[in-house]
Amino acid sequence: DAGITQSPRYKITETGRQVTLMCHQTWSHSYMFWYRQDLGHGLRLIYYSAAADITDKGEVSDGYVVSRSKTENFPLTLESATRSQTSVYFCASSDPGQGAGELFFGEGSRLTVL
Amino acid sequence: AQSVSQHNHHVILSEAASLELGCNYSYGGTVNLFWYVQYPGQHLQLLLKYFSGDPLVKGIKGFEAEFIKSKFSFNLRKPSVQWSDTAEYFCAVNAWSNTGKLIFGQGTTLQVKP
C-alpha cells in the first residue's frame, strides 16, 4: 500500500541499548522528518532531510542519528538510549511541489526505555 | 526563534457546543499555517491549511480557521462539535517556504461529552 510506514510500532528497550526506528515512504517525497511527541510539548522536530544524503538537525537532535541513503527510507537511531527518550516517534514526509509544509505522518512508534 | 502557542491545553464540551481553539505564532515573515488532528491511537491528519488568499479557510469535518495577520493568530472553529471530534488538535507553522519544516504548538486535547 502507498503511504508512510514505521516499524516497529512498539518497542521496549533498556538504557544504553542502541535502537533504530525505521521509516519508509512510497510517495517519493523529497522531504522527510522525525518528530517526537511528549505530553506538554506537542511535537518536536528531531531531524529532517531535504533529499537523499542531505540531513539536518532539528530542535532536539542530541542522542539521535539519522541517515538517508535512499529517498524512500529515513531511519532514526538512538545510539545509547536514555529514559528521557521514552516517547512516541512520528516520521513524516512532504513534497514541496504539492503544497509547502503539508506533512503526511506515519502511524508512530512508541518507544519505552527502561 | 519561531514558536507556536496554543492557549487551551484541555477543553471539555458537550455535543452541539461551539468550539474555538486559539493558536498564536511568533514570526514576522510569510508563514504557512496548519491545523492537524490526532484521534485516539492514530497518527496526525491534516484538518486544514492556509497558504495565501482568503484568510478564512475551511477544512474537513466542518472545521474552519481564520488567519489574522495583525494578531499572529490562526484560531480553529467549529459551530457544533460531535462526540467523534474528541481528539488532540495541533496548530503548526511553516516559516521556511517549501521545506515542510513545521513548528508545532503543544496541542489541545478536546473531549466532547455525548
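Above this note sits the structure.
Colleague: I keep staring at the overall build of chain B and nothing clicks. Help me out?
Modeller: Counting its secondary structure elements, chain B contains zero helices and twelve strands. Reading chain B from its N terminus to its C terminus gives the helix and strand order β-β-β-β-β-β-β-β-β-β-β-β. Against the globule reference of 13 Å for 114 residues, chain B gives a C-alpha radius of gyration of 13 Å, in line with a compact fold. Considered along the principal axes of its C-alpha atoms, chain B spans approximately 40 × 30 × 20 Å. Taken over 114 residues, chain B has a buried fraction of 48%. Long-range pairs, those at least 24 residues apart, make up 54% of the contacts in chain B between residues at least 6 apart in sequence. Working note: accessible area of chain B is about 5,300 Å², and carbon and sulfur atoms make up 52% of it. When the 9 basic and 7 acidic side-chain charges of chain B are each reduced to a single mean position, those positions are 5 Å apart.

Colleague: Can you walk me through the packing of aromatic side chains in this structure?
Modeller: One pair of aromatic rings is described through two measures. These are the centre distance and the angle between the planes. In this structure the tally under the stated criterion is 18 aromatic pairs over all chains. Taking 5.2 Å as the distance between ring centres and 55 degrees as the angle between the ring planes, the aromatic pair formed by W27 of chain A and F104 of chain A counts as tilted. You can see W27 of chain A sitting in the loop between β3 (19–25) and β4 (31–38) and its partner F104 of chain A sitting in strand β10 (residues 104–105), a full 77 residues away along the chain. A relative accessible area of 35% means that W27 of chain A is categorised as partly exposed. A residue is classified by how much of its surface remains accessible, and F104 of chain A, at 30% relative accessible area, is partly exposed. Taken together, the ring pairs connect Y31, F33, Y35, Y48, F90 and F105 of chain A together with F34, Y36, F51, F90 and F104 of chain B into an aromatic cluster.

Colleague: Any chance you could explain the sheet that holds strand β7 (residues 64–66) of chain A here in plain terms?
Modeller: By definition, the strands of a sheet pair up through backbone hydrogen bonds, in either a parallel or an antiparallel sense. All names here are of chain A. Ordered by their spatial adjacency, four strands build an open sheet running β1-β3-β8-β7, and the pairing between neighbours is antiparallel. Two strands close off the open sheet at either side, each with one partner strand: β1 (4–7) and β7. For this sheet the average axis-to-axis angle between neighbouring strands, irrespective of direction, equals 15 degrees. Taken together, the four bridges between β1 and β3 define a ladder with antiparallel strand orientation. Within β3, the residue paired with T5 across the bridge is H24.

Colleague: In this structure, what is going on with the interface of chain B and chain A? I would like to understand it.
Modeller: Much of the literature gives interface size as the accessible area that the parts lose upon coming together. Across the boundary between the two partners, chain B contributes 20 residues, which contact 21 residues of chain A. Taken together, both faces of the contact between chain B and chain A bury some 1,800 Å²; the carbon and sulfur share is 56%. There are one salt bridge connecting chain B and chain A. Inspection of the chain B/chain A interface yields five residue pairs in polar contact (both at pLDDT 80 or more). Elements that contribute at least two residues to the side of chain B that touches chain A include exactly β5 (32–38), β6 (44–50), β10 (87–94) and β11 (102–104) of chain B. Among the elements that line the side of chain B that touches chain A, the one with the most residues is β5 of chain B, at four residues. For the side of chain B that touches chain A, the residue count by class is eight nonpolar, nine polar and three charged.

Colleague: Explanation requested: the nonpolar core in the structure shown.
Modeller: Generally speaking, soluble globular proteins have nonpolar side chains that are buried together. Counting 30 residues, the largest nonpolar core has L33, W35, L47, L48, F74, L76 and Y89 of chain B as the members making the most contacts within it. Contributions of two or more residues to this core are made by β2 (10–14), β3 (19–21), β5, β6, β8 (64–68), β9 (73–78), β10 and β12 (108–113) of chain B. The contact partners of L48 of chain B, leaving out residues within four places of it in the chain, are L33, F34, W35, V57, K58, G59, F63, E64, A65, F74 and L76 of chain B. Grouped together as the second largest cluster of nonpolar side chains are 19 residues, I46, V66, Y89 and V113 of chain A included.

Colleague: Teacher, can you tell me more about the side chain of T77 of chain A here?
Modeller: Residue and element names in this part refer to chain A. Positionally, T77 belongs in strand β8 (residues 76–78). Classification of T77 as buried rests on a relative accessible area of 15%. Looking at T77, its side chain comes within polar contact range of the side chain of T20, at 3.0 Å.

Reading the values: rules and limits
Note on numbering: residues in each chain are counted from 1, in written sequence order. All chains are assigned letters beginning at A, and all ligands numbers beginning at 1, according to the order in which they are written. This being a predicted model, a pLDDT of at least 70 is required before a residue's local features are given, and a value of 80 or more before pairs of side-chain atoms are given or counted; all residues contribute to the totals for chains, interfaces and linings. Note that the side-chain values use all heavy atoms of the structure and ignore hydrogens as well as water. A run of H or I in DSSP counts as a helix once it spans at least four residues, and a run of E counts as a strand once it spans at least two, with each numbered from the N terminus. This radius of gyration counts C-alpha atoms alone. The globule rule is 2.2 Å times how many residues there are, raised to the power 0.38. Each residue's exposure class comes from its accessible area (1.4 Å probe, protein chains only) as a fraction of the maximum for that residue type: buried when under 20%, exposed when over 50%, partly exposed otherwise. Any two residues having at least one pair of non-hydrogen atoms within 4.5 Å are treated as being in contact. The protein chains shown are the only cover counted for residues, whose accessible areas, like all others here, come from Shrake-Rupley with a 1.4 Å probe. As used throughout, the charge tally considers Lys and Arg to be positive and Asp and Glu to be negative, leaving His and the chain termini uncounted. Working definition for charges: the position is that of NZ of Lys, CZ of Arg, CG of Asp or CD of Glu. A pair of Phe, Tyr and Trp rings is counted when the ring centres sit within 6.5 Å of each other, with Trp represented by its six-membered ring. The angle between the planes then sorts it: under 30 degrees is stacked, over 60 is edge-to-face, the rest tilted. Strand pairing is assigned whenever DSSP detects at least two bridges linking the two strands. Axes here mean lines fitted to C-alpha atoms, for a helix over just the part in contact, with angles spanning 0 to 180 degrees between N-to-C directions. Two parts placed together each lose some accessible area under a 1.4 Å probe, and the buried area is that loss summed for both. The working definition used for a salt bridge is a side-chain nitrogen of Lys or Arg within 4 Å of a carboxyl oxygen of Asp or Glu. Under the rule applied, a polar contact is a pair of N or O atoms within 3.5 Å (in protein, one hydrogen donor and one hydrogen acceptor; residues adjacent in sequence only if both atoms are side-chain atoms). Each residue gets one of three labels, nonpolar for Ala, Val, Leu, Ile, Met, Phe, Trp, Tyr, Cys and Pro, charged for Asp, Glu, Lys and Arg, and polar for the others, Gly among them. Nonpolar core, defined: a set of buried Ala, Val, Leu, Ile, Met, Phe, Trp, Tyr and Cys residues in which side-chain atoms within 4.5 Å join the residues together.

So yeah, pure geometry; function would need other evidence.
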